[in-house]
Amino acid sequence: AQPVVDLSDNVLTARLPSGDAVTVYLYGATVTSWKTANGEEQLFVSQAAALDGSKPIRGGIPLVFPVFGPPPKSHATGQLAQHGFARNSYWEFLGKSSSESQGRKADNSVKLDFGLSSSMLDEAVRRKWPYEFGLVYSVTLEKNSLECQLHVQNKGDQPFDFQALFHTYLAVKDISKTAVKGLQSSPYVDKVRSAQTFTESSPSLTFSSETDRVYTPPSLKDNTLVPLVVTEDGAERFVVTRDGLPDVTVWNGWVDKIKAMGDFEPKDGWKRYLCIEPGTVSSWTRLEAGDAWEGTCAFESKL
Ligand code: BG6
């Protein structure tokens, strides 16, 4: 048996013979569903998420590029919307492939490639950020895992600065029983406490109020990054690995922030998601004319 891939009405679905499946909207190249073979949904999507291209999809994995958060007014991205334009532009599907070369069995993995380039942007957005770029976003589905890779190329004749992030809404059963390991001694900027910088003291970060932090954990001697482990009731639930993505935003809006979000339903849904967002957002990545950059993260489900 081979993976089955279908694209209709701008929604792509792929299913492996094992039963693992993924759904990606061309709008934002947003992954809106990732199910493991047991049928269990791994991502949280709001029941009120707009799926008609009128605003970024609330949940799944919206892609953040070329700026994270509200753009600094004096920066080249200053005229763009919060989190940039990748999550609310239409991408094209470039094709699927199955690679044995990466140690995967061809029939039990599928790689889906999506593209967005400057010429595809709305004219108004293009004027606000007039750089020539090409993005290739690869989503690879394997048994119990989903890998996300973003390739950014500067196709113009002048450098540009960017940030990028995978805004992943992981589905959890109960946020009060959820914890994140692997952040101890990492510096972080706490957006809930006036964007001051702190150092994480806990080996296992737990949640009891609004949390909105950008962690920049030090890399290991061999330059690799420590995997993060999301636990539920003490048991491993997700393992998150990263390559080329030094920062991780950890976000849960809790009661009040979620109440104020018109596209977040049900209102007690804050209990059932945790955003773990690998990215490069604590500084700017400069890409010279003709240069390329790549960042990868992978989510492994332990259910
Ligand atoms: C997180 C930010 O990544 O995204 C939060 O750290 C923000 O500050 C959240 O509230 C949601 O952003 P948006 O634009 O999708 O409402």
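Quick look at the structure, then. Remember, predicted model here, so these are calculated numbers, not experimental data.

1. Comments concerning the side chain of S301
In step 1: As for its position among the elements, S301 is in strand β21 (residues 292-301).
In step 2: Here Q42 takes part through its side chain, which lies 2.8 Å from a polar atom of the side chain of S301.
In step 3: A polar side-chain atom of S301 sits 3.2 Å from a polar atom in the side chain of R237.
In step 4: Apart from the residues within four sequence positions on either side, S301 is in contact with W34, T36, Q42, N144, R237 and F238.

2. A word on the sheet that holds strand β4 (residues 30-35)
In step 1: Taken together, the four strands give an open sheet; going across it, the order is β1-β2-β3-β4, and neighbouring strands pair in antiparallel fashion. Each end of this open sheet is capped by a strand with a single partner; those strands are β1 (4-8) and β4. Ignoring strand direction, the axes of neighbouring strands in this sheet form an average angle of 10 degrees.

3. Some thoughts on the site of the ligand
In step 1: Taken together, the residues surrounding the ligand are R58, F68, Q82, H83, R87, H167, K191, D212, T249, W251, M261 and E277.
In step 2: In this structure, an oxygen atom belonging to the ligand sits 2.9 Å away from a side-chain N or O atom of Q82.
In step 3: At a separation of 2.5 Å, an oxygen atom of the ligand approaches a polar side-chain atom of D212.
In step 4: In the complex, the protein chains occlude 85% of the 390 Å² of accessible area that the ligand would expose alone.

4. Points about the pairing of strand β7 (residues 109-117)
In step 1: Counted residue by residue, β7 has eight buried out of nine residues, so it is predominantly covered.
In step 2: Looking at chain direction, strand β6 (residues 92-97) and β7 are connected through five bridges and run antiparallel. If you follow K96 over to β7, its bridge partner there is L112.
In step 3: The pairing of β7 with strand β8 (residues 133-142) spans nine bridges and is classified as antiparallel. Bridge pairing links S117 to G134 in β8.

5. Focus: the pattern of salt bridges
In step 1: One pass over the full model with this rule turns up 15 salt bridges.
In step 2: For the salt bridge of E232 with K173, the shortest nitrogen-to-oxygen distance reads 3.9 Å. With E232 in strand β17 (residues 228-232) and K173 in the loop between β11 (168-171) and β12 (178-181), this pair connects stretches of sequence that are 59 residues apart.
In step 3: Given the relative accessible area of 13%, E232 is considered buried.
In step 4: Judged by its relative accessible area of 57%, K173 falls in the exposed class.
In step 5: With a closest N to O distance of 4.0 Å, R237 and E232 form a salt bridge. With respect to burial, R237 and E232 carry one shared label: buried.

6. Points about the packing of aromatic side chains
In step 1: Evaluation of the coordinates by the stated rule reveals 27 aromatic pairs.
In step 2: Where F114 meets Y137, the ring centres are 6.4 Å apart and the plane angle is 45 degrees; that geometry is what we call tilted. Of this pair, F114 sits in strand β7 while Y137 sits in strand β8; the two residues are 23 residues apart in sequence, bridging distant segments of the chain. Each member of the pair, F114 as well as Y137, carries the same accessibility label: buried.

Procedures and definitions
Residues numbered from 1 in each chain as written. Predicted model: local features only at pLDDT ≥ 70, side-chain atom pairs only at ≥ 80, totals over all residues. Heavy atoms only, no water. Helix = DSSP H or I, 4+ residues; strand = E, 2+ residues; numbered from the N terminus. Polar contact = N/O pair within 3.5 Å; in protein donor to acceptor, adjacent residues only side chain to side chain. Contact = heavy atoms within 4.5 Å. Pairing = 2+ DSSP bridges. Axes fitted to C-alpha atoms, helices over the stretch in contact; angles between N-to-C directions. Near = heavy atom within 4 Å. Areas by Shrake-Rupley, 256 points an atom, 1.4 Å probe, with all protein chains shown as cover. Buried < 20%, exposed > 50% of the residue type's maximum accessible area, 1.4 Å probe, protein only. Salt bridge = Lys/Arg side-chain N within 4 Å of Asp/Glu carboxyl O. Phe/Tyr/Trp six-rings, centres within 6.5 Å; stacked < 30°, edge-to-face > 60°.

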